[in-house]
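# Observations on the three-dimensional arrangement
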Amino acid sequence: MNIEQESVNLKKGTKVTKVVLIGVSLVFVLIMLVIPMLVLIVYALKDGGTKYIEAITDPYTIKALRLTIVATVTAVAINTFFGLFAAWAVSKFHFRGKQLLLTIIDIPFAVSPVIAGLIFILTFGRIGWAHDFLNAHNIKVVFAVPGVIIATIFVTFPFISREIIPVLNAQGRDEEEAAALMGASGFHIFRKITLPHMKWALLYGIVLCSARAMGEFGAVSVLSGHLRGKTNTLPLHVEIIYNEFKLSAAFAVSSILVVLAVIILILRNIVEYKAKKGGR
Amino acid sequence: MYVELKDINKTFHNYKASDHVNFGIEQGKLIGLLGPSGSGKTTILRMIAGLEQPDSGDIFINGNRVNDIPASKRGVGFVFQNYALFRYMDVFDNIAFGLEIQKKNKKEIKDRVFELIKLIGLEGLEHRYPNQLSGGQRQRVAFARALAPKPQLLLLDEPFAAIDAKVRQELRSWLKEMISRVGITSIFVTHDQDEAIEVADEIIITNQGRVEQMGSPVDIYKKPTTPFVAQFIGQSSLVNDYTSLIGFEQVEGMHQAVIRPEFIRIAKQGELKQYLSAAEEGIVAGIAFRGDNLEVKVQVKGQSFTATRSLEKESIQVGEKVNVLVYRLYAFDDSKTLLLDNKAMEDRNSVYI
Amino acid sequence: MVNKFKRTKRRRVIPGFPLSLGITLAMVSMIVLIPMASIIICASDLSLYDFVKIVMAKDVRSGYMVSFSCALIAALINCIFGVILAWVFVRYEFPGKRILDGLIELPFALPTAVAGISLTALYSDQGWIGSIFAKFGIKIAYTKVGITIAMVFIGIPFVVRAIQPVLEKFDPQYEEAAAMLGANGRKTFIKVIFPEILPAMLTGFGLALARGIGEYGSVIFIAGNIPYKTQIAPLLIMSKLEQLKYTDATAIALVMLVVSFLILLLLNIIQVHATKRTT
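Computed from a predicted model, the values in this text were never measured in an experiment. (Residues numbered from 1 in each chain as written. Chains lettered and ligands numbered in written order. Predicted model: local features only at pLDDT ≥ 70, side-chain atom pairs only at ≥ 80, totals over all residues.)

### Details of the overall build of chain B
Along chain B, the regular secondary structure elements total nine helices and 19 strands. Across its three principal directions, the C-alpha atoms of chain B cover 80 × 45 × 40 Å. A burial count over chain B gives 42% of its 353 residues as buried. In chain B, once contacts between residues fewer than 6 apart in sequence are set aside, the share between residues at least 24 apart is 66%. (Helix = DSSP H or I, 4+ residues; strand = E, 2+ residues; numbered from the N terminus. Buried ≥ 20, exposed ≤ 12 C-beta atoms within 10 Å, placed from the backbone. Contact = placed C-beta atoms within 7 Å.)

Right, dumping it as structure tokens:
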């Protein structure tokens, strides 16, 4: 009887814990994540549907969206290119200084976005050592589109290599060695053996990289110079209209980014699910 | 010699993986590279394949020096320890891979692959993926994949390590039969002496980067030429002071000895009818059941020996006083071994005559 | 020597080493190393006296204080909720769990500026939550509390995602063993599970802390940027740049970089220590 009582108490105890913990989690997610999203939607539609359409079809908004897409696609393309080669070098070969290289690749994670912008100002800006060269060739980086793109690349630099490297490390190099032993070329090995292993990790990295690239604010803000219709990305455009106290317009434009973010989240979950299923 | 290694040296960081390795292998032989882990056997195999490059020394295959020939051009088939089957290709594509690289035509590839699938007895499973196969089946596919491009030499790295003990026995004889049927010169690496003795035509024993001994399994077992081999092969007991045992005299320079279980007889008190004066008194320290016999540990004059005892005989208990008759032992110094017989037994014989 | 070179060249069986490493090093140099070096070049023009003067200026000191203290508090809050959330996601089944789990990633996916204005709207005196607190005279937006909330928002996924995989891998046999030995739920958690997830939690803590210190987009809107009160360090860099005071910006950035790297170094040491202890 006593033992039974105790086990019942124990069960009751764990059940109470469970309910409390789930409750705490729900409240946290609700207050910290869900309600801010709701606020955004409500504020975006506050002034009515026509105002909303007006805000998101504003020519400056369209131009900002276009620049955001260009910067994102460029950053993803370059970082994918880098990620594939870096992952191949790091996971398939032993060499001295590998750990150092990995640490350096991760630097952009540790650096504040504002500092990321700063380093490019110091490199390409008026006091930068590359300034004379750029001037001589009539290339503008700072306060121009190339600056926005470079900042985006820097901030998202490690995203893809970071996702692939652990997967390739876990796979080992036996299969590649076996294929090389039979005389397969590097590209052939990559396409037939390595790529199938890491395709989900690669996609996952691309999704994360896109998310960060399109949302980048600090670094881009430093380098863009906020030229409306020229160097403004969507997040910068949001800031400008927000600071002009056009709240609902700012939220309306934000909603474009939220839709993109939600699409990315859904993609991310699909990719993760497929990777778990495919990864066995 | 078909494969020959001449004075091979290889160092990883501070670790000497190959230390003046020399040996030659005749065509058509099945060779077992046997040694404890870290003895450098896998390194030797990988150097022959071209997966590693020696620091110095020459490797010859079929009379050609292959040091500067890339792995893929050496005509070598390699079976990896974990098989390294391509996880995203089915059985057919795995076996066909090497042939596709060689740009063989489709029909030729298909014929060869099906020939091999038939050889390994996996008909009907050609569209399975590696994760849908059992360990033994995977090994067969790895074997077929290595053989597909018709290599002149087959190398196998611990081919049975990833397989359940139950299936291992069956696969050993299967592999031996396959290799003799294909007639390909083969070298396999193992740390399991039973495996080497059972499968190989010849065994090369490695230790700390050196080749200790090479010879037929019987030779290796019966005539170990180095102290390491004497201790490594068989369930040997090391004796630090063999002269304290009855019937063994000091041999110049040799202070230690090893005793194989079959060199010892353990007898209950009163069981021994002959040679009683040549036997030691011992105390049973432990008994373990080993399937078809008992493994008995006895303490004799402060030293521990391992022996076996038939299950048919009257049972003995731990702590029991027994007679221990040591027929013979291998005495050794730093470099050679010498088989010594129990002199006390000979003396007794002469008295009887 | 020539011979030796040849040998090392051929040692690798898998092709593509020189090409892949070459491209990797070239890109790392162009995109990360050389630009990062600019900060050192610029800082080297600075005398120690000037450096100290810039960094110890009143506004800069208060900027560091705001950034570091808020980030620290936020990271601690995230540790508590991160453990709870990870635990709930791994151990319990309930309807909507998958959605909840997916939402954790929202701060990664949502542009920081958007998060910033949403949080500001929510916690300002007229906002849904802000107005409730305003009744009791508590201001959230435009105070350090607001900054901390924004940092909790951006930091939470780091902690949850660091702990989750460790909990998933954790063998329930250990807990069962503890229960068999008579430990109750709380004791089992403190003695058996918590030490297991501690290294992961510290990793998440460090990442959240580093992110919080450097964060700009989500914080500046809710911070209100009141001098000496709610100005964060990255904002100071921004305003120095707008005033074209490049060396000042560099000096401020240098201190932040050193702190970030120290945090990451510490993390690495913890990680190495943890793997050493358990393997």
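### A few points about the overall build of chain C
Within chain C one finds 14 helices and zero strands. Start at the N end of chain C and walk to the C end: the helices and strands fall as α-α-α-α-α-α-α-α-α-α-α-α-α-α. Computed over C-alpha atoms, the radius of gyration of chain C comes to 24 Å, more than 25% over the 19 Å expected from 2.2 N^0.38 for 279 residues, which places it beyond the range of a compact globule. Taken along the three principal axes of its C-alpha coordinates, chain C extends 70 × 55 × 35 Å. (Rg over C-alpha atoms; globule rule 2.2 N^0.38 Å.)

### Regarding the confidence of the model for chain B
Considering every residue of chain B, the mean pLDDT works out to 88; 98% of them sit at 70 or more. When mean pLDDT is compared element by element in chain B, strand β8 (residues 185–190) of chain B scores highest at 95, while helix α9 (residues 343–352) of chain B scores lowest at 61. (pLDDT = per-residue confidence, 0-100.)

### A few points about the sheet that holds strand β10 (residues 210–215) of chain B
Each strand in a sheet pairs with another by means of backbone hydrogen bonds, the pair being arranged parallel or else antiparallel. All names here are of chain B. Across the sheet, six strands lie side by side as β6-β7-β8-β3-β9-β10; this open sheet has mixed pairing. Each having just a single partner strand, β6 (76–79) and β10 make up the two edges of the open sheet. Strand-to-strand twist of the sheet, defined as the mean angle between neighbouring strand axes without regard to direction, takes the value 20°. As paired elements, strand β9 (residues 202–207) and β10 share five bridges and run antiparallel to each other. Across the sheet, Asn207 pairs through a bridge with Arg210, a residue of β10. (Pairing = 2+ DSSP bridges. Axes fitted to C-alpha atoms, helices over the stretch in contact; angles between N-to-C directions.)

### Quick word on the domain arrangement of chain C
Taken domain by domain, chain C holds domain 1 (1–44) and domain 2 (49–278). When each unit is reduced to the centre of its C-alpha atoms, the spacing between domain 1 of chain C and domain 2 of chain C is 35 Å. (Domains from an automatic or database assignment.)

### Structural notes on the environment of Gln269(B)
All names here are of chain B. Locating Gln269 in the fold gives a position in the loop between β13 (264–268) and β14 (280–289). Separated by 70 residues in the primary sequence, Gln269 and Leu339 have C-alpha atoms spaced 28 Å apart. Not counting chain neighbours up to four residues away, the residues in contact with Gln269 comprise Lys321, Val322 and Asn323.

### Overview of the interface of chain A and chain C
With 77 residues of chain A in contact, the opposing surface of chain C contributes 69 residues. Ranked by residues supplied to the side of chain A that touches chain C, first place goes to helix α1 (residues 2–44) of chain A with 19 residues.

### With respect to the packing of helix α8 (residues 159–171) of chain A against helix α10 (residues 186–215) of chain A
Residues and elements named next belong to chain A. Direction vectors running N to C along α8 and α10 enclose 155°, while the axes themselves pass 7 Å from each other. By the angle between their axes, α8 is roughly antiparallel relative to α10. Note that α8 runs across α10; the crossing there is right-handed. Packed against α8, whose contacting residues are Phe159, Ile160, Arg162, Glu163, Ile164, Val167, Leu168 and Gln171, the element α10 presents Thr194, His197, Met198, Ala201, Leu202, Tyr204, Gly205, Ile206, Leu208, Cys209 and Arg212 at the interface. Of the residues in the contact of α8 with α10, the class split is twelve nonpolar, four polar and three charged. (Parallel < 35°, antiparallel > 145°, perpendicular 65-115°, else oblique. Left-handed = near helix turned anticlockwise from the far one by under 90°. Nonpolar A, V, L, I, M, F, W, Y, C, P; charged D, E, K, R; others polar.)

### A word on the domain arrangement of chain B
In terms of domain boundaries, chain B breaks down into domain 1 (3–223) and domain 2 (235–352). Taking only C-alpha atoms, the centre of domain 1 of chain B and the centre of domain 2 of chain B are 40 Å apart.

### Overview of the sheet that holds strand β17 (residues 321–326) of chain B
Residues and elements named next belong to chain B. One open sheet accounts for five strands, arranged β13-β17-β14-β15-β16; its pairing is antiparallel. Of all strands in the sheet, those with a lone pairing partner are β13 and β16 (303–310), marking the two edges. When strand polarity is set aside, the average angle formed by the axes of neighbouring strands in this sheet is 45°.

### Some remarks on the packing of helix α4 (residues 58–91) of chain C against helix α11 (residues 185–214) of chain C
Residues and elements named next belong to chain C. Packing of α4 against α11 brings their axes to within 8 Å, and their N-to-C directions diverge by 145°. Taken as a pair, α4 and α11 cross one another with a handedness that is right-handed. Two secondary-structure elements touch here, α4 through Ser67, Phe68, Cys70, Ala71, Leu72, Ala74, Ala75, Asn78, Cys79, Gly82 and Val83 and α11 through Met201, Gly204, Phe205, Ala208, Leu209, Gly212 and Ile213. Among the residues making up the contact of α4 with α11, the classes are represented as 13 nonpolar, five polar and no charged.

### So, the confidence of the model for chain C
All names here are of chain C. With 95% of its residues at a pLDDT of at least 70, chain C reaches an overall mean of 88. Looking over chain C, one finds the lowest element-wise mean pLDDT in helix α1 (residues 2–10), namely 41, and the highest in α4, namely 94. Between residues 1–10, whose pLDDT stays under 50, and residues either more than four places distant or in other chains, the model counts three contacts. Across the whole predicted complex the pTM is 0.82, and at the interface the ipTM reaches 0.87.

### Structural notes on unusual backbone geometry
Phi is positive for Phe245(A), which is not a glycine, with a value near 65°. Relative to the elements of secondary structure, Phe245(A) occurs in the loop between α12 (234–243) and α13 (247–279). Phi is positive for Tyr275(B), which is not a glycine, with a value near 55°. With respect to the element layout, Tyr275(B) can be found in the loop between β13 and β14.

### Observations concerning the nonpolar core
Ranked by size, the top nonpolar core spans 165 residues in total, and within it Ile115(A), Leu118(A), Ala151(A), Ile237(C) and Ile252(C) carry the most contacts. Among the elements that take part in this core, helix α3 (residues 59–92) of chain A stands out by supplying 14 residues, more than any other. Judged by nonpolar contacts, the second largest core, of 109 residues, contains Leu171(B), Met178(B), Ala230(B) and Val322(B). (Core = buried A, V, L, I, M, F, W, Y, C linked by C-beta atoms within 7 Å.)

### Re the pairing of β17(B)
Residue and element names in this part refer to chain B. The buried fraction of β17 is high, at five of six residues. Pairing geometry for β14 and β17, over four bridges, is antiparallel. Its bridge partner lying in β17, Ile283 is registered against Lys321.

### What to know about the environment of Glu26(B)
Residue and element names in this part refer to chain B. Residue position: Glu26 is located in the loop between β2 (15–25) and β3 (30–34). C-beta crowding within 10 Å serves as the criterion here: with 12 such atoms nearby, Glu26 is assigned to the exposed category. Taking the C-alpha atoms as reference points, Glu26 and Tyr2, 24 residues apart in sequence, are found 5.1 Å from one another.

### Topic: helix α2 (residues 91–101) of chain B
Taken together, the buried positions of α2(B) are Val91(B), Asn94(B), Ile95(B), Ala96(B), Phe97(B), Gly98(B) and Leu99(B). Among the structural elements, α9 (174–181) of chain A together with α3 (106–119) and α4 (135–147) of chain B are those in contact with the buried residues of α2(B). Directly after α2(B), the chain includes Lys103(B), whose backbone phi takes a positive value near 55°.

### Structural notes on the environment of Ile119(A)
Along the chain, the position of Ile119(A) falls in helix α5 (residues 113–124). Here Ile119(A) is in contact with Pro35(C), Met36(C), Ser38(C) and Ile39(C), once residues within four sequence places are set aside.

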